[in-house]
There are 2 protein chains.
Amino acid sequence: MKYIDKLRNSGLRPTKQRLQICEVLFNVEKTFHFTINELEQKIKDKTDNKISLATVYNTVHAFEKKGYLKQIPINSNQTYFDTNVTDHHHFYDLNDQKLIDLENSDVGPINIKKKINGKKIKSVEVLVKLED
Amino acid sequence: MKYIDKLRNSGLRPTKQRLQICEVLFNVEKTFHFTINELEQKIKDKTDNKISLATVYNTVHAFEKKGYLKQIPINSNQTYFDTNVTDHHHFYDLNDQKLIDLENSDVGPINIKKKINGKKIKSVEVLVKLED
DNA sequence: ACACTTATTTAGAACCATTATAAACTACCC
DNA sequence: GGGTAGTTTATAATGGTTCTAAATAAGTGT
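The model shown is predicted, which means the values in this text are computed figures rather than measured ones. (Residues numbered from 1 in each chain as written. Chains lettered and ligands numbered in written order. Predicted model: local features only at pLDDT ≥ 70, side-chain atom pairs only at ≥ 80, totals over all residues. Heavy atoms only, no water.)

**Quick notes on the interface of chain A and chain B**
Logical step 1: The interface is formed by 39 residues belonging to chain A together with 39 residues belonging to chain B.
Logical step 2: Of the roughly 3500 Å² buried where chain A meets chain B, counting both sides, 53% is carbon and sulfur surface.
Logical step 3: Connecting chain A to chain B are eight salt bridges.
Logical step 4: One salt bridge in this structure joins Asp132 of chain B and Lys119 of chain A, with 2.5 Å as the shortest N-O distance.
Logical step 5: In this structure, the connection of chain A to chain B is made through 23 residue pairs in polar contact (both at pLDDT 80 or more).
Logical step 6: Mapped by element, the contributors of at least two residues to the side of chain A that touches chain B are β2 (70-72), β4 (88-93), β5 (98-103) and β6 (120-131) of chain A. (Contact = heavy atoms within 4.5 Å. Buried area = accessible area lost by both parts, 1.4 Å probe. Salt bridge = Lys/Arg side-chain N within 4 Å of Asp/Glu carboxyl O. Polar contact = N/O pair within 3.5 Å; in protein donor to acceptor, adjacent residues only side chain to side chain. Helix = DSSP H or I, 4+ residues; strand = E, 2+ residues; numbered from the N terminus.)

This is how it looks when you write it as structure tokens:
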């Protein structure tokens, strides 16, 4: 069971709920973006038994902490997550309110010239807003 | 009165409340970042009469629409705004939860190679996350 | 100055995503 | 199997933001 090891290796107990959420999030061809509500719906569609909303929140946060998910920095009333945890960027279509991946290779190298004393760069994320 | 014209020119009636908010936001040396709560506090400090929270929200949104303020795309429980409406970017210090301006000149030119059909780029914003 | 229309302000309620709570349950280790 | 710590769960609470509808103020024409 591929997800059992993944979870155990990061100190998370492989519970039934977490494994089911892993299936929904990671057992797919393409990575994708989602809100908690959208994830809850996907779980309902794929699964017989119900998973509590609190568990969905807990699990998503646990996965984010372990680096299996990334939060997408965007101003919205709901938080967006990404199953693509490689370094990459996003288009945000203001008209359709849709996120589109922008691979690192689609953006020239970004050179941050300014340094902040005693701090190191953890990530560099580009958000390109689109309109019609 | 400098702000009266500014407001009238953009179709906003120069009310007492809006003018007071203009003073707090724009009549300062440096641009700055703020949340609605922080702005409310600044208004309280600088002003005798109270401005309703709803008015603060209304005004900030009106100013944003007119291009006098920018929302900063960042995941936080509160929305951050910026009185610096020039093209620029941000550091976000994850430890202190502080935003720091990053001038365009501190970031090399960003070349977005991917195009989306029928959409044009409205803005390109870089968020650089920092940690200790 | 006055009347009239339209925009704005306001307090409070409503909304809704997210977080906290605390009790029941389950995985894991000996 | 028994004990312990981690997890799930329904539900309540929180808190930022938006909505509502009535009161007020600004603009416009006379």
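After that view of the structure, there is still more to cover.
**Section: the domain arrangement of chain A**
Residue and element names in this part refer to chain A.
Logical step 1: We note that the domain assignment places domain 1 (2-72) and domain 2 (86-130) within chain A.
Logical step 2: Distance from the C-alpha centre of domain 1 to the C-alpha centre of domain 2: 25 Å.
Logical step 3: Facing five residues of domain 1, the contacting portion of domain 2 comprises eight residues.
Logical step 4: Both sides of the domain 1 and domain 2 interface together cover about 470 Å² of buried area, and 48% of this is carbon and sulfur.
Logical step 5: Run the count over domain 1 and domain 2 and you get three residue pairs in polar contact (both at pLDDT 80 or more).
Logical step 6: Tallying contributions element by element places β2 first for the side of domain 1 that touches domain 2, with three residues. (Domains from an automatic or database assignment.)

**Notes on the protein's contact with DNA strand D**
Logical step 1: Surveying the vicinity of DNA strand D reveals 22 residues, the closest of which are Thr15, Gln17 and Arg18 of chain A together with Tyr57 and Thr79 of chain B.
Logical step 2: Sugar plus phosphate: this is where 80% of the atoms of DNA strand D within 4 Å of the protein reside.
Logical step 3: In this structure, a phosphate oxygen belonging to DNA strand D sits 2.6 Å away from a side-chain N or O atom of Arg18 of chain A.
Logical step 4: In this structure, Thr79 of chain B approaches DNA strand D through a side-chain N or O atom, which is 2.7 Å from a phosphate oxygen.
Logical step 5: Contributions of two or more residues to the surface near DNA strand D are made by α2 (16-26) and α4 (53-66) of chain A together with α3 (36-46) and α4 (53-66) of chain B.
Logical step 6: Across the surface near DNA strand D, the residue classes break down as seven nonpolar, 10 polar and five charged. (Near = heavy atom within 4 Å. Nonpolar A, V, L, I, M, F, W, Y, C, P; charged D, E, K, R; others polar.)

**Re the relation of the copies chain A and chain B**
Logical step 1: Structural alignment of chain A on chain B gives an RMSD of 0.1 Å, achieved by rotating through 180° and translating 0.0 Å along the axis. Taken together, the rotation angle and the small translation identify this as a two-fold axis. Across chain A, the smallest distance between a C-alpha and the rotation axis is recorded for Val126 of chain A, namely 2.2 Å. (Least-squares fit on C-alpha atoms with pLDDT ≥ 70 in both.)

**So, the protein's contact with DNA strand C**
Logical step 1: Residues in close proximity to DNA strand C total 23 residues, the closest being Arg8 and Thr79 of chain A together with Thr15, Gln17 and Arg18 of chain B.
Logical step 2: Taking all atoms of DNA strand C within 4 Å of the protein, the share assigned to sugar and phosphate is 79%.
Logical step 3: Measuring from a sugar or linking oxygen of DNA strand C, one finds a side-chain N or O atom of Gln17 of chain B at 2.7 Å.
Logical step 4: Within the backbone of Ser52 of chain B, a nitrogen or oxygen atom sits 3.2 Å from a phosphate oxygen of DNA strand C.
Logical step 5: Sorting the residues of the surface near DNA strand C by element identifies α3 (36-46) and α4 of chain A together with α2 (16-26) and α4 of chain B as the ones contributing at least two each.
Logical step 6: With four residues, the top contributor of residues to the surface near DNA strand C is α4 of chain A.
Logical step 7: Residues that form the surface near DNA strand C fall into these classes: eight nonpolar, 10 polar and five charged.

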